[in-house]
Amino acid sequence: MLPDFDAFGDQTLKGLEAPEEATAATQALLKDDRNSGEPAIDEPGENHITLERGICREGVWYREAEVKELTGADEEAIAAAGSSSYKVFETLLLRGVRTIGNEFMNRKLAAELLIGDREFLVMAIRRATFGNDLEFEQLPCSHCQELVDLTVPLDAIPFTRLENSEQTEFDVPLRRGATAVVRLPTGDDQAAVLTIKDGNAAKQDSEILGRCVLRIRHADGAVTRRPPATSLSMSDRKAVLKFLADTQPGPRYGDFSFVHETCGKEVPLPISLAVLFRGM
Ligand SMILES: [Zn+2]
């Protein structure tokens, strides 16, 4: 069984914001799934995707990626990755992605990719392995408790695009007329955050900020390069973190919801790694 709530990047940045009812809905689904077994498998899909950012080699951007259907051997490797959701995620990428641009997948390449590209690749691996539809059965509506059967095509999951794929630095307005120049976090940054073992969210935020804030332009024109994250005011820290979370491209697994026809209400249904690869 894959870990439940996991190392998806938007969660690394935003913390666990899923409302309790949504978590309850997902848990009910997973419990049910454990009893009833196999996911519904439809036709495996297209194995090529275009990443939002991709990789840059000598000034040229490569965004085409090829994934493959996971085999039993891959499944064993993923199970052997243990309970660390980051390791599971990493193993999924290393086993399920064939190429990015002209390069075969490897650890270094995986670390270089934007968090959002990594999450999009995982979606493509899921599609190649189990098809495009997530099938939910007997999912309790969090408002009226009626049990719902639901088919969610992967492309119904909200997806954020980059306005300009080749833009690598962004301006974030701070207080007192200053501007932070930032880059978006990658797999490497995510790994660094997750080594902060005590789960201290402020320290994790500092790690991301220390890595992603390249410089501060002050109102008087002075520039501070690589400012220590602890030197930023709380509101500036918040502004940068929000920008990083909002701008990171790719699927927003945690933001999926559906409208229950019977009661007309919106039901949050965050999609976890365990839901994507259920049956593994
Ligand atoms: Zn309902």
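Conventions and cut-offs
- Here, residues in each chain are numbered from 1, in the same order as that chain's written sequence.
- Owing to the predicted nature of the model, reporting of local features is limited to residues with pLDDT of at least 70; listing and counting of side-chain atom pairs is limited to 80 or more, with chain, interface and lining totals taken over all residues.
- With hydrogens and water excluded, all non-hydrogen atoms of the structure serve as input to the side-chain values.
- Each Phe, Tyr or Trp ring, with Trp reduced to its six-membered ring, pairs with another whose centre is within 6.5 Å; inter-plane angles below 30 degrees give stacked pairs, above 60 give edge-to-face pairs, and intermediate values give tilted ones.
- Segments assigned H or I by DSSP are reported as helices when at least four residues long, segments assigned E as strands when at least two residues long, and all are numbered from the N terminus.
- Working definition: with a 1.4 Å probe on protein chains only, accessible area under 20% of the residue-type maximum means buried, over 50% means exposed, and in between means partly exposed.
- A residue's pLDDT is the predictor's confidence in that residue, given on a scale from 0 to 100.
- For this analysis, residues touch if any pair of their heavy atoms sits within 4.5 Å.
- Take the residue count of a helix, subtract one, and multiply by 1.5 Å to get its expected span.
- N or O atoms closer than or at 3.5 Å make up a polar contact, with two conditions inside protein: a donor-capable atom paired with an acceptor-capable one, and, for residues adjacent in sequence, both atoms drawn from side chains.

**Observations concerning the packing of aromatic side chains**
Within the structure shown, the criterion is met by three aromatic pairs. Plain terms: the ring middles of Phe120 and Phe159 are 4.9 Å apart, the flat faces sit at 70 degrees to each other, and that makes the pair edge-to-face. Taken together, the residues Phe120 in helix α6 (residues 115-130) and Phe159 in strand β7 (residues 159-160) connect sequence positions 39 residues apart. The buried category is assigned to Phe120, whose relative accessible area is 13%. Residue Phe159 is classed as partly exposed on the basis of its relative accessible area of 28%. Their ring planes at 55 degrees and their centres at 5.7 Å tell us that Phe170 and Phe243 sit as a pair that is tilted.

**What about the confidence of the model for the protein?**
Mean pLDDT for the protein: 85, with 84% of residues reaching 70 or above. Of the regions scoring below 50 in pLDDT, residues 30-45 engages in 25 contacts with residues more than four places distant in sequence or in other chains.

**With respect to helix α8 (residues 201-212)**
Residues spaced three or four apart along an α-helix face the same direction, because each turn holds 3.6 residues. The terminal C-alpha atoms of α8, which comprises 12 residues, lie 16 Å apart, in line with the 16 Å expected from a rise of 1.5 Å per residue. When we look at burial in α8, the residues that qualify are Gln204, Ser206, Ile208, Leu209 and Cys212. Capping the start of α8, Asn200 holds a side-chain oxygen 3.0 Å from the backbone nitrogen of Ala202, two or three residues further along.

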